[in-house]
Number of protein chains: 2
Amino acid sequence: MGHNRDEKKADLKARLIAAAEAEIADHGLAGLKARAVTARAGCALGALYTAVEDLDMLVVEVNSRTLARLGATLSEAMAGASGPVAALQALAARYIDFAMENRALWLCLFEHRLPEGRDFPDWHRQEYAVLLAVIAPHLAALRPDLSREALVLRGRTTFAAVHGVVHLALQGRFVGLPPESLRAEVAALVETMTAGAAALAR
Amino acid sequence: MGHNRDEKKADLKARLIAAAEAEIADHGLAGLKARAVTARAGCALGALYTAVEDLDMLVVEVNSRTLARLGATLSEAMAGASGPVAALQALAARYIDFAMENRALWLCLFEHRLPEGRDFPDWHRQEYAVLLAVIAPHLAALRPDLSREALVLRGRTTFAAVHGVVHLALQGRFVGLPPESLRAEVAALVETMTAGAAALAR
């Protein structure tokens, strides 16, 4: 019976995560309401707080799923690439595809904040490493002259540069690229950064 | 008398902009309240709506001031630089300084949104061009092989790449750089991008 109870709780949690994911995908993080999530999951409002700590932790669970999907698709993208330049181009192109196809969920990864004084759980922070792990070996191949510590920082910088271009463009910001130029310009940025890395490694 | 009335209205508007700027600098855009702004400006709550359309348009006025200050400091930064690489390095370094010294006001430039269905006024959209105008001549010097249209897009891409690294680091995001590495890593990114640009222009 205790087992059955655990199963029911796990089932409720899974339904709540799926409902929150669908709500964010439809209306964005800013429009997320506990009542809409529980209505979609088919449970009482109070049930949310028995399954997860609160709405913020439910968003963390959604972001955890998004990161897992993003990590899997990035790994798949680079699998067929020969050499570091082709791999980094494939990663950047797939990153754009994922961001465009999952716009609201992808924005949620970078816009969700916890109330003042609360920290994200460590297990969740570590999940973001998937964004850097896929870049690391290719950067190391391009810059064999850099130390392990320098490569860790350079991986973050490389990710943030590509991410910044995608982010400003998808937000429709004044200084962002028009969407129709995004793919070609990110490809040009990766081409420029890899050509520069090769020149500096000599 | 009509003149006196205009002067009073302009004075009230200036006080409201200064108050909103101080409130955003102290508490961030998310914490901005009309009541706190008017209290700081020393006027009645209703006076806000006679001086500007609403709180959103007051934020636009604050962002307009921030852009003017940012544009001035960027122009000053590149004035002493000899050659496009040194100029782009000086611009990126000054951009970081400005973002760190004016964190909340700088974030406000990129995070303020109008309610669904409303557009920013054109005069304000055009003010963001200052961020791209300072980059353009140096990029053109590095890539004389690119057309004018290609250079416009590449300027946006170059800005967004540097901005993305600064943004993720200053937000304290999981994948962002630690603040103490930000200056060196942005310098390395600009070095890599300019070395790559020079290699590709050959």
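Residues numbered from 1 in each chain as written. Chains lettered and ligands numbered in written order. Predicted model: local features only at pLDDT ≥ 70, side-chain atom pairs only at ≥ 80, totals over all residues. Heavy atoms only, no water.

**Q** Would you explain the domain arrangement of chain A in this entry?
**A** You'll often see interface size given as the accessible area lost when the parts meet. All names here are of chain A. With domains assigned, chain A is organised as domain 1 (1–52) and domain 2 (55–201). Relative placement of domain 1 and domain 2: their C-alpha centres are 29 Å apart. On the domain 2 side, the residues contacting the 16 residues of domain 1 number eleven residues. Here domain 1 meets domain 2 over a buried area of about 1200 Å², counting both sides, of which 79% is carbon and sulfur. Contact with domain 2 buries area across many residues of domain 1, yet Ile17, Glu21 and Leu29 alone supply 43% of it, more than any other trio. Put simply, domain 1 and domain 2 have two salt bridges between them. A salt bridge links glutamate 61 to lysine 13; its shortest N-O distance comes to 3.4 Å. Our enumeration of links across domain 1 and domain 2 arrives at two residue pairs in polar contact (both at pLDDT 80 or more). Contributing elements (two or more residues each) for the side of domain 1 that touches domain 2: α1 (2–27), α2 (34–41) and α3 (48–51). In terms of residues, the side of domain 1 that touches domain 2 owes the most to one element, α1, which gives seven residues. (Domains from an automatic or database assignment. Contact = heavy atoms within 4.5 Å. Buried area = accessible area lost by both parts, 1.4 Å probe. Salt bridge = Lys/Arg side-chain N within 4 Å of Asp/Glu carboxyl O. Polar contact = N/O pair within 3.5 Å; in protein donor to acceptor, adjacent residues only side chain to side chain. Helix = DSSP H or I, 4+ residues; strand = E, 2+ residues; numbered from the N terminus.)

**Q** I would appreciate a short explanation of the packing of aromatic side chains in the present structure.
**A** Remark: the centre distance and the inter-plane angle together describe each pair of aromatic rings, the angle taken between the planes. For the structure on display, the rule yields twelve aromatic pairs over all chains. Taking 6.0 Å as the distance between ring centres and 75 degrees as the angle between the ring planes, the aromatic pair formed by tyrosine 95 of chain A and tryptophan 106 of chain A counts as edge-to-face. Of this pair, tyrosine 95 of chain A sits in helix α5 (residues 84–101) while tryptophan 106 of chain A sits in helix α6 (residues 103–111), and the two are eleven residues apart along the sequence. For tyrosine 95 of chain A, a relative accessible area of 4% corresponds to the buried category. The exposure class assigned to tryptophan 106 of chain A is buried, which follows from its relative accessible area of 0%. Ring centres of phenylalanine 110 of chain B and phenylalanine 159 of chain B lie 6.3 Å apart, and the angle between their planes is 25 degrees; on these two criteria the pair is classed as stacked. Linking phenylalanine 110 of chain B in helix α6 (residues 103–111) with phenylalanine 159 of chain B in helix α10 (residues 148–170), this pair joins segments that are 49 residues apart in sequence. Summarising the burial analysis for this pair, phenylalanine 110 of chain B and phenylalanine 159 of chain B share the class buried. Ring pairing ties together the aromatic residues Tyr95, Trp106, Phe110 and Phe159 of chain A, which thus form one cluster. (Phe/Tyr/Trp six-rings, centres within 6.5 Å; stacked < 30°, edge-to-face > 60°. Buried < 20%, exposed > 50% of the residue type's maximum accessible area, 1.4 Å probe, protein only.)

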